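Each chain, letter by letter, is given below.
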Amino acid sequence: ATSDRRRRARRSRGAPLGSQGDESAMKFTVSVWRQPNAAAEGRLVDYEVDGVPSDASFLEMMDILNENLNARGDEPVAFSHDCREGICGSCAMMI
């Protein structure tokens, strides 16, 4: 997919996803509903996502968030995606 090609191109240029120092990089606060199971009480958890390239899609920003969560041993955010192009609306996220 196109977004995967862009991500690989950024990495091949030596700039990992979410790299710091890019003047056009953005910082987001993402609120995610966390609920361990249907019987448990849920809550919104805020995550800071820093160093998001200005040309990144929302799905790429979510990939950066998940890479950061995995790196610190936290559970990644689960979401459904098919084409990852942001065209068909099948990504199943409420934004």
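The structure presented is a predicted model; accordingly, all values stated were derived computationally and were not measured.

Definitions and cut-offs
- Residues numbered from 1 in each chain as written.
- Predicted model: local features only at pLDDT ≥ 70, side-chain atom pairs only at ≥ 80, totals over all residues.
- Heavy atoms only, no water.
- Helix = DSSP H or I, 4+ residues; strand = E, 2+ residues; numbered from the N terminus.
- Buried < 20%, exposed > 50% of the residue type's maximum accessible area, 1.4 Å probe, protein only.
- Contact = heavy atoms within 4.5 Å.
- Areas by Shrake-Rupley, 256 points an atom, 1.4 Å probe, with all protein chains shown as cover.
- Core = buried A, V, L, I, M, F, W, Y, C linked by side-chain atoms within 4.5 Å.
- Salt bridge = Lys/Arg side-chain N within 4 Å of Asp/Glu carboxyl O.
- pLDDT = per-residue confidence, 0-100.
- Polar contact = N/O pair within 3.5 Å; in protein donor to acceptor, adjacent residues only side chain to side chain.

**Concerning the overall build of the protein chain**
Piece 1. Summing up its helical and strand segments, the protein chain has 2 helices and 2 strands in all.
Piece 2. Order of helices (α) and strands (β) in the protein chain, N terminus to C terminus: α-β-β-α.
Piece 3. When each of the 95 residues of the protein chain is scored for burial, the buried share is 31%.
Piece 4. Across the protein chain, the fraction of contacts at a sequence separation of at least 24, relative to all contacts at a separation of at least 6, is 47%.
Piece 5. Surface summary for the protein chain: the accessible area is close to 6,300 Å², and the carbon and sulfur share equals 50%.

**Re the nonpolar core**
Piece 1. Val49, Leu65 and Val77 are the most contacted members of the largest nonpolar core, which totals 15 residues.
Piece 2. Where this core is concerned, the elements lending two or more residues are β1 (26-34), β2 (43-52) and α2 (58-71).
Piece 3. Sorting elements by how many residues they give to this core places α2 first, with 6 residues.
Piece 4. Every residue in contact with Val77, bar those within four places of it in the chain, is listed here: Val32, Arg34, Met62, Leu65, Asn66 and Leu69.

**Points about the pattern of salt bridges**
Piece 1. The full count for this structure, using the stated rule, is 2 salt bridges.
Piece 2. In this structure, the salt-bridge partner of Lys27 is Glu48, at a minimum N-O distance of 3.9 Å. Residue Lys27 is found in strand β1, and its partner Glu48 is found in strand β2; the two are separated by 21 residues along the sequence.
Piece 3. Overall, Lys27 belongs to the exposed group, its relative accessible area being 54%.
Piece 4. Overall, the relative accessible area of 47% leaves Glu48 in the partly exposed class.
Piece 5. In this structure, Arg72 and Asp74 form a salt bridge, with 2.6 Å as the shortest nitrogen-oxygen distance.

**Focus: the confidence of the model for the protein chain**
Piece 1. With 60% of its residues at a pLDDT of 70 or more, the protein chain shows a mean pLDDT of 77.
Piece 2. Per-element averaging of pLDDT across the protein chain places helix α1 (residues 2-12) at the bottom with 48 and β2 at the top with 96.
Piece 3. Predicted confidence for residues 8-14 stays below pLDDT 50, and this span has 9 contacts to residues more than four positions away or in other chains.

**As for the environment of Asn37**
Piece 1. On the secondary structure map, Asn37 appears in the loop between β1 and β2.
Piece 2. A distance of 2.8 Å separates a polar atom in the side chain of Asn37 from the backbone nitrogen of Ala40.

**Some points on the environment of Ile64**
Piece 1. Tracing the backbone through its elements, the reader meets Ile64 in helix α2.
Piece 2. With 14 residues separating them along the chain, Ile64 and Asp50 place their C-alpha atoms 8.8 Å apart.

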